[in-house]
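Single-letter residue listing:
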Amino acid sequence: MDERRLDGNAVGGLLGEVFTFEVTMAEAACDRCGTVAHVGETMAYVTEIGTVVRCARCDNALIRIAQNPRGYFLDLRGVSYLRF
Amino acid sequence: MSEGFVSRGFRGRRRQTDDRLPPGQYLVEGFPVLSAGPTPRTPLDEWDFSISGEVDEPKRWTWEDFQALPSEEITRDIHCVTKWSKLGTAWEGVSIDTLLEGVETAAEHVLAFCDGGYTTNLPLEDVTGGRAWIAYAHDGKPLEPEHGGPARLLVPHLYFWKSAKWVRGLQLTTYDIPGFWESLGYHNYGDPWREQRYWGD
């Protein structure tokens, strides 16, 4: 067994550090056009079904969030990275 | 309000309306707009509609080709997952049966794709048999961009998020690909009469 292959709980501390950042201040890179902008500078569309955060340059869906009785769903497929 | 207002006729009409209202829904007279992005404005000379994926030969129509296809007038009730329903909406468009004529496929699913990147998935059998259309007119007028013009999918027997606005084609697949909202907790099938709003409903 590869000793670098660990149970996901092993990175609980690191993930705990990561998921405390001020999201609107983070830089998000659009995975379609490559534009890097603070999340607060993107365009958000808030609907009753869910919220879509789009790249201000190309309108690619960067972040999709639904809040419904099955939970919060967070889809970051449109972001190639977040830097904070 | 006087007692006379609640006439027998009024109650009768209410009952008939309630029969057409799926569980948890309320009636609206207007036509609410729900968009999770900017309204695309594709010029008609750049618009096309395609059938792709698991087919022997992909098909494609320009706007002009599409207008030449036999069209149908459709009047149906529509039901949004946000709980509004609108009765007797009038549309004109091309039946998916017409578009799939002569198409040989082993596919059991379709993924509708749209300008703006929206997608929604449906069983192939739910868009055939006279149950789904590509609609380009509403109330006798060209479909307005905010309601999905120049053309939208119309699948009135399922929640209206399945009736994708600004639709540009159908990808036929042998496997199911959850669409834009279906991958975020919304029901994969979306039957309003069984109140299939969310996963597990």
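Look above for the structure.
Residues numbered from 1 in each chain as written. Chains lettered and ligands numbered in written order. Predicted model: local features only at pLDDT ≥ 70, side-chain atom pairs only at ≥ 80, totals over all residues. Heavy atoms only, no water.

Peer 1: How do you make sense of the overall build of chain A when you look at a structure like this?
Peer 2: Summing up its helical and strand segments, chain A has one helix and seven strands in all. Reading the secondary structure of chain A in the N-to-C direction produces α-β-β-β-β-β-β-β. Radius of gyration (C-alpha) of chain A: 15 Å, far over the 12 Å computed for a compact globule of 84 residues. Considering chain A as a whole, with its 84 residues, one finds that 35% of them fall into the buried category. (Helix = DSSP H or I, 4+ residues; strand = E, 2+ residues; numbered from the N terminus. Rg over C-alpha atoms; globule rule 2.2 N^0.38 Å. Buried < 20%, exposed > 50% of the residue type's maximum accessible area, 1.4 Å probe, protein only.)

Peer 1: What's the story with the overall build of chain B in this structure? I'm lost.
Peer 2: Counting secondary structure elements, chain B contains three helices and 11 strands. The C-alpha atoms of chain B give 18 Å as radius of gyration, which agrees with the globular expectation for 201 residues (17 Å, within 12%). Taken along its principal axes, the extent of the C-alpha atoms in chain B is 65 × 40 × 35 Å. Considering only contacts in chain B between residues 6 or more positions apart, those separated by 24 or more positions represent 66%. Split by element, the accessible area of chain B, about 9900 Å² in all, is 48% carbon and sulfur. Here chain B holds 20 positive side-chain charges and 31 negative ones, and the gap between their average locations is 11 Å. (Contact = heavy atoms within 4.5 Å. Areas by Shrake-Rupley, 256 points an atom, 1.4 Å probe, with all protein chains shown as cover. Lys, Arg positive; Asp, Glu negative; His and termini not counted. Charge placed at Lys NZ, Arg CZ, Asp CG, Glu CD.)

Peer 1: So what exactly am I meant to see when it comes to the state of the cysteines here?
Peer 2: What is meant by a disulfide is a covalent connection between two cysteines, made through their sulfur atoms. By the definition in use, this model includes zero disulfides over all chains. Considering cysteine sulfurs only, Cys33(A) is the nearest to Cys55(A), which forms no disulfide, with 3.7 Å between them. (Disulfide = S-S within 2.5 Å.)

Peer 1: Explanation requested: the pairing of strand β6 (residues 71-75) of chain A in the structure shown.
Peer 2: On a regular strand, one side chain projects to one face of the sheet and the next to the other, so that they alternate. Residues and elements named next belong to chain A. Judged from the five bridges that link them, strand β5 (residues 61-68) and β6 form a sheet pairing that is antiparallel. Counted as the bridge partner of Ala66 is Phe73 from β6. Where β5 folds back on β6, the antiparallel hairpin that results is connected by two residues. (Pairing = 2+ DSSP bridges.)

Peer 1: What am I meant to see in the interface of chain B and chain A here?
Peer 2: In many analyses, interface size is given as the accessible surface area lost on bringing the parts together. With 18 residues of chain B at the contact, the number on the chain A side is 18 residues. Buried area between chain B and chain A, summed over both chains or domains, comes out near 1600 Å², and the portion from carbon and sulfur atoms is 66%. By the criterion of area lost to chain A, the three top residues of chain B are Ala36(B), Pro38(B) and Leu184(B), representing 31% of everything that side buries. In this assembly, chain B and chain A are joined by one salt bridge. (Buried area = accessible area lost by both parts, 1.4 Å probe. Salt bridge = Lys/Arg side-chain N within 4 Å of Asp/Glu carboxyl O.)

Peer 1: Mind showing me how you'd approach the sheet that holds strand β7 (residues 119-123) of chain B here?
Peer 2: The strands making up a sheet associate through backbone hydrogen bonding, with each pair oriented either parallel or antiparallel. Residues and elements named next belong to chain B. An order of β3-β2-β11-β6-β7 is seen for the five strands of this open sheet, with the pairing classed as mixed. Looking at which strands have only one partner, the edges of the open sheet turn out to be β3 (59-62) and β7. Taken over all neighbouring pairs, the strand axes of this sheet differ in orientation by 15 degrees on average, direction set aside. Relative to strand β11 (residues 167-173), strand β2 (residues 48-53) runs parallel, the two being bridged by four bridges. For Ile51, the partnering residue across the bridge sits in β11 and is Leu170. (Axes fitted to C-alpha atoms, helices over the stretch in contact; angles between N-to-C directions.)

Peer 1: How should I be thinking about a negative patch on the surface in this particular structure?
Peer 2: Residue and element names in this part refer to chain B. Negative charge collects at one region of the surface, where Glu54, Asp56, Glu57 and Glu104 lie side by side. The topology assignment puts Glu54 in the loop between β2 and β3. With relative accessibility at 39%, the residue Glu54 sits in the partly exposed group. (Patch = residues over 30% accessible without salt bridge, like charges linked within 9 Å, V, L, I, M, F, W, Y side chains within 5 Å.)

Peer 1: Would you explain the side chain of Ser95(B) in this entry?
Peer 2: All names here are of chain B. Relative to the assigned elements, Ser95 resides in strand β5 (residues 84-95). At a separation of 3.1 Å, a polar atom in the side chain of Ser95 contacts the main-chain amide nitrogen of Asp97. Those residues within four positions of Ser95 in sequence are excluded, and the remaining contacts are Glu72, Ala132 and Trp133. (Polar contact = N/O pair within 3.5 Å; in protein donor to acceptor, adjacent residues only side chain to side chain.)

Peer 1: What exactly am I supposed to notice about the pattern of salt bridges here?
Peer 2: In a structure, side chains of opposite charge can pair up when their charged atoms sit close to one another. All names here are of chain B. Under the criterion given, the structure shown has 13 salt bridges over all chains. Across the pair Arg60 and Asp48 runs a salt bridge, and its minimum N-O distance is 2.7 Å. Of the two residues, Arg60 is situated in strand β3 and Asp48 in strand β2; the sequence distance between them amounts to 12 residues. Judged by relative accessible area, Arg60 falls into the exposed class, the value being 54%.

Peer 1: Would you take a moment to explain the nonpolar core for this structure?
Peer 2: Nonpolar side chains tend to gather and get buried jointly when the protein is soluble and globular. Grouped together as the largest cluster of nonpolar side chains are 47 residues, with contacts concentrated most on Phe49(B), Phe66(B), Leu99(B) and Trp181(B). Contributions of two or more residues to this core are made by β5 of chain A together with β2, α2 (63-67), α3 (96-99), β6 (109-114), β8 (133-138) and β11 of chain B. Residues contacting Phe66(B), with those up to four places away along its chain left out, are Trp47(B), Phe49(B), Trp61(B), Val94(B), Leu99(B), Ile134(B) and Tyr136(B). In this structure, Val28(B), Trp91(B), Ala135(B) and Leu143(B) belong to the second largest nonpolar core, which totals 12 residues. (Core = buried A, V, L, I, M, F, W, Y, C linked by side-chain atoms within 4.5 Å.)

Shape descriptors only; they carry no functional weight alone.
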